[in-house]
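Working through the structure, step by step
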Amino acid sequence: MEQLSHYINGSRISGSSGRYGDVLNPATGEVQAHVPLANSQEIDNAVTFAKTVQPQWAAMNPQRRARVMMKFVSLLEKNIDSLAEVLSREHGKTLPDAAGDIQRGLEVVEYCIGAPQLLKGEFTDSAGPGIDMYSMRQPLGVTAGITPFNFPAMIPMWMFAPSLACGNAFILKPSERDPSVPLMLAELIEQAGAPKGLLQVINGDKEAVDAILQHPEIQSIGFVGSTPIAAYIYAQSSKYGKRVQCFGGAKNHMIVMPDADIDQAADALVGSGYGAAGERCMAISVAVPVGDETANQLIEKLIPRIEKLKVGPFTSGNDVDYGPVITADAKKKIEQLVETGINQGAKLVVDGRGFKLQGYENGFFIGPHLFDHVTTEMDIYKTEVFGPVLSTVRADSYETAINIAMDNEFGNGVAIFTRDGDTARDFANRINVGMVGVNVPIPVPLAYHTFGGWKKSVFGDLNQHGPDAFKFYTRTKTITARWPSGIKEGGEFTIPIME
Ligand code: NAD
């Protein structure tokens, strides 16, 4: 049995807490490794190393830090296949999907190569007589991030790349379900020239997270995961006086207008609803066709597409559309929600129940499900399913459709499919959701924009990556300087007026 470790001060270190978690192979249900679960002493050790190395790293000119990012990008490219294979084995997603997970992280590292430009301050010449005023962005010190299982490469990179580029040290607590790729990323960035102790990976569960939240030397917390935990992390981090940004769960709608290209909308729904077994925070889990005719056409086009989906292990290569869900508990929760959906009166038009794969009977595979006639009161609508289950909520008009999405407690992503520019523009302006797709089903912004939802999908103000990340991982200092120093005689007892 493989024994995983932490990555502390440049070495793989066995855990000392005596507590371990199981890392499963979701395709077989077997335990493939044990991961140590850290205690507060191990967090404290990592913080000590981070504090030692961070000032030297911050003192380096930003271009030299950017060069480390540049080398890290080329190492990621060189190692993408082996990283993807490890990722698929622990997460269960297909190899192309795993490579995409790494690629979308890599793109944020690429953006961070622009650190010298992004960290440039502001300057006002002659703000007063002999007075200049300038502001600079300085790193926070030791920063930390807590990440979810569903993007074990991308989300850690979204956090640690900008943090390091800004001159911070970073302690990553990845998901205990798939911790191997984060450990490999820490090794690769050291090969790229980052000093030991700058990026450390501490594996663990709530005990490690609480120790991070309470540690007085950790300045900021980034969190991505489910909404109840995001709310907890936000409240605790605020209580301990830390800068914090938390990104939570989602329930993403796709409005399909009567004038939409229904084939295009059906293809988009299949990819975004069932890709990665529905375990994406930007997955579309609710289709909202406008008018019964649109709904009937859409359902008719969806059924054969969904029935054709191939479910299997990543080792089957390109023959597979999606893999297993992450754990037996996740599978059970999804299956229970499907039963509740049926009992509450939704119509199951594609029934994936009882799905079994020969040779993988103990894997966490779930067949694809499609519900029609779902209402907003049903649990299958109200809960984030995070599985291969698409619900259809029929709306009688555009206004009803937009209000369904607006009234939902989550606000991560949303999409509209239409050929009408007027409707699309009105929708983009009025909808209270952070990321909007127009004829695009998974509107994940690229690295140089920012990523973040609204409502219960977010706690905090600044978004992930893009310019916001450089604000989150730095603080502004503004200097007002007078040269020559003695222009005015005597003391000043009022706020100086910049004449
Ligand atoms: P999760 O909330 O269970 O776990 C996330 C992290 O929190 C993990 O590192 C875990 O160890 C830790 N954690 C779990 N329980 C904890 C507790 N009681 N106290 C302290 N820490 C705890 O989420 P998950 O199942 O790993 O990921 C799936 C969720 O993440 C979904 O809800 C999905 O929508 C969300 N997600 C959101 C985004 C986004 O950008 N909004 C992106 C990806 C995933």
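A brief structural summary.

Reading the values: rules and limits
Residues numbered from 1 in each chain as written. Predicted model: local features only at pLDDT ≥ 70, side-chain atom pairs only at ≥ 80, totals over all residues. Heavy atoms only, no water. Helix = DSSP H or I, 4+ residues; strand = E, 2+ residues; numbered from the N terminus. Polar contact = N/O pair within 3.5 Å; in protein donor to acceptor, adjacent residues only side chain to side chain. Contact = heavy atoms within 4.5 Å. Near = heavy atom within 4 Å. Areas by Shrake-Rupley, 256 points an atom, 1.4 Å probe, with all protein chains shown as cover. Nonpolar A, V, L, I, M, F, W, Y, C, P; charged D, E, K, R; others polar. Salt bridge = Lys/Arg side-chain N within 4 Å of Asp/Glu carboxyl O. Buried < 20%, exposed > 50% of the residue type's maximum accessible area, 1.4 Å probe, protein only. Pairing = 2+ DSSP bridges. Axes fitted to C-alpha atoms, helices over the stretch in contact; angles between N-to-C directions. Arc of directions from axis to C-beta. Core = buried A, V, L, I, M, F, W, Y, C linked by side-chain atoms within 4.5 Å. Expected span 1.5 Å × (residues − 1). Phe/Tyr/Trp six-rings, centres within 6.5 Å; stacked < 30°, edge-to-face > 60°.

**Focus: the side chain of S180**
- Relative to the assigned elements, S180 resides in helix α6 (residues 180–191).
- Separated by 2.4 Å, the side chains of S180 and E90 make a polar contact.
- When residues no more than four places from it in sequence are discounted, the contact partners of S180 are L4, V86 and E90.

**Quick word on the site of the ligand**
- With respect to spatial proximity, 27 residues lie near the ligand, and among them T147, K173, E176, S226 and E384 are the closest.
- With respect to the ligand, the backbone of T147 contributes an N or O atom lying 2.8 Å from an oxygen atom.
- The fraction of the free accessible surface of the ligand (850 Å²) that becomes covered by protein chains is 86%.
- Among the secondary structure elements, those contributing two or more residues to the shell around the ligand are α7 (206–214) and β11 (218–224).
- For the shell around the ligand, the class distribution of residues is 14 nonpolar, nine polar and four charged.

**Here's the deal with the pattern of salt bridges**
- Enumeration according to the criterion identifies 22 salt bridges in this entry.
- One salt bridge connects R12 with E187, and the closest N-O pair in it is separated by 2.8 Å. Note that R12 is positioned in strand β3 (residues 11–13) and E187 in helix α6, a separation of 175 residues in sequence.
- Residue R12 is classed as partly exposed on the basis of its relative accessible area of 38%.
- The exposure class of E187 is partly exposed, given its relative accessible area of 27%.
- The partner of D97 in a salt bridge is R280, with the nearest N and O atoms 3.1 Å apart. Linking D97 in helix α3 (residues 95–112) with R280 in the loop between α9 (262–274) and β14 (284–289), this pair joins segments that are 183 residues apart in sequence. As far as the burial class goes, D97 and R280 line up, both buried.
- Residues joined by salt bridges that share partners form a network here, namely D263, D267, K301 and R305.

**Considering the sheet that holds strand β5 (residues 30–36)**
- Pairing in this open sheet of three strands is mixed, and the strands run β1-β5-β4 from one edge to the other. At either margin of the open sheet sits one strand with a lone partner, and together these are β1 (2–3) and β4 (20–25).
- Helix α2 (residues 62–91) rests against β4 and β5 of the sheet, and its axis sits at about 100° to β4.

**What to know about helix α14 (residues 421–430)**
- Taken as a whole, α14 has its buried residues at T423, A424 and F427. Around the axis of α14, the buried residues are gathered within 100° of arc, so they sit on the same side. Opposite the buried face of α14, at more than 90 degrees from it, the exposed residues are G421, D422, R425 and N429.
- Buried residues in α14 make contact with β13 (252–256), α13 (398–407), β19 (413–417) and β20 (435–438).
- If you check the start of α14, you find a side-chain oxygen 3.2 Å away from the backbone N of D422, and it comes from D420.

**Observations concerning the nonpolar core**
- Core analysis: the biggest nonpolar cluster contains 83 residues, and F72, L76, M157, F160, L164, I189 and I221 have the highest contact counts within it.
- The element contributing the most residues to this core is α2, with 10 residues.
- Not counting residues up to four positions away in its chain, the partners in contact with L164 are W57, R65, M69, A169, F170, I189, L198 and L199.
- One finds L269, V350, V389 and I431 within the second-largest nonpolar core, a separate group that totals 64 residues.

**Focus on the environment of C112**
- For C112, the position within the fold is in helix α3.
- When its relative accessible area of 0% is taken as the criterion, C112 is described as buried.
- Sequence separation between C112 and W454 is 342 residues, and the spatial gap between their C-alpha atoms is 25 Å.
- Once residues lying within four places of it in the same chain are set aside, the contact partners of C112 are M69, A161, P162, A165 and F470.

**Considering helix α11 (residues 328–343)**
- Along its 16 residues, α11 runs 23 Å from first to last C-alpha, staying within 8% of the 22 Å computed at 1.5 Å per residue.
- Restricting attention to buried positions, one finds in α11 the residues A330, K331, I334, L337, V338 and G341. Around the axis of α11, the buried residues are gathered within 125° of arc, so they sit on the same side. In this structure, α11 carries D329 and N343 as exposed residues pointing more than 90 degrees from its buried face.
- In this structure, the buried residues of α11 make contact with β15 (347–350), β16 (369–372), α12 (379–382) and β17 (389–392).
- Directly beyond the C-terminal end of α11, a positive phi value near 105° is found at G345.

**Section: the packing of aromatic side chains**
- Considering all chains together, one arrives at 10 aromatic pairs under this definition.
- Seen in terms of ring centroids, F72 and F160 are 6.0 Å apart; in terms of plane orientation they differ by 40°. Their pairing is tilted. Of this pair, F72 sits in helix α2 while F160 sits in helix α5 (residues 154–165); the two residues are 88 residues apart in sequence, bridging distant segments of the chain. The two residues F72 and F160 agree in class, both being buried.
- Considering the side-chain rings of F472 and Y473, the 4.9 Å spacing of their centres and the 85° angle between planes classify their relative orientation as edge-to-face.
- You can call Y473 buried: its relative accessible area is 1%.
- In this structure an aromatic cluster arises from ring pairing among F72, F160, F170, F472 and Y473.

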